[in-house]
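Structural description and commentary
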Amino acid sequence: MRIEVKDLMIHKSKRYPYTHRVDVREDAFASEKISAWLDDNKIPYTRVGWNNFYLTKEGAAWLLLRWA
């Protein structure tokens, strides 16, 4: 699976707790599987569009370990 991770900011805040953007370069079904996996493992995230996820550093690392 092709995944791209971008650092957005160093510090998170109450308004915006996510520091990394993860772009999944696959079809929408791959994103649905990733969303379900994140939900099952209680990893906080926000999904924007079909293939973009916003996560904390730890969440992005877990996603990469599982799906890369």
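Report on the accompanying structure. For clarity, every value in this text was computed on a predicted model and none was experimentally measured.

**Comments concerning the overall build of the protein chain**
Across its full length, the protein chain holds 2 helices and 4 strands. Each helix and strand of the protein chain, ordered N terminal to C terminal, gives the series β-β-α-β-β-α. Over its C-alpha atoms, taken along the principal directions, the protein chain stretches across nearly 30 × 20 × 20 Å. The buried share among the 68 residues of the protein chain stands at 34%.

**Some thoughts on the pairing of strand β4 (residues 52–55)**
Here β4 shows two buried faces, one formed by N52 and Y54 and the other by F53 and L55. In this structure, strand β3 (residues 45–48) lies alongside β4, joined through 4 bridges in antiparallel fashion. Paired with V48 across the two strands is N52, which belongs to β4. The turn joining β3 and β4, which pair antiparallel and follow one another in sequence, is formed by 3 residues; a positive phi near 75° is taken by G49.

**Structural notes on the sheet that holds β4**
If you trace the 4 strands from one edge of the open sheet to the other, you get β1-β2-β4-β3, paired in antiparallel fashion. Sheet topology places β1 (3–7) and β3 at the edges, where each strand pairs with a single neighbour. Here the average twist between neighbouring strands, direction ignored, is 20°. Across 4 bridges, strand β2 (residues 20–24) lies against β4 in antiparallel orientation. Each residue of the ladder has a partner; that of R21, found in β4, is Y54. Lying on the sheet, helix α1 (residues 28–40) is in contact with β2, β3 and β4; it crosses β3 at an angle near 160°.

Criteria and thresholds
Residues numbered from 1 in each chain as written. Predicted model: local features only at pLDDT ≥ 70, side-chain atom pairs only at ≥ 80, totals over all residues. Heavy atoms only, no water. Helix = DSSP H or I, 4+ residues; strand = E, 2+ residues; numbered from the N terminus. Buried < 20%, exposed > 50% of the residue type's maximum accessible area, 1.4 Å probe, protein only. Pairing = 2+ DSSP bridges. Axes fitted to C-alpha atoms, helices over the stretch in contact; angles between N-to-C directions. Contact = heavy atoms within 4.5 Å.

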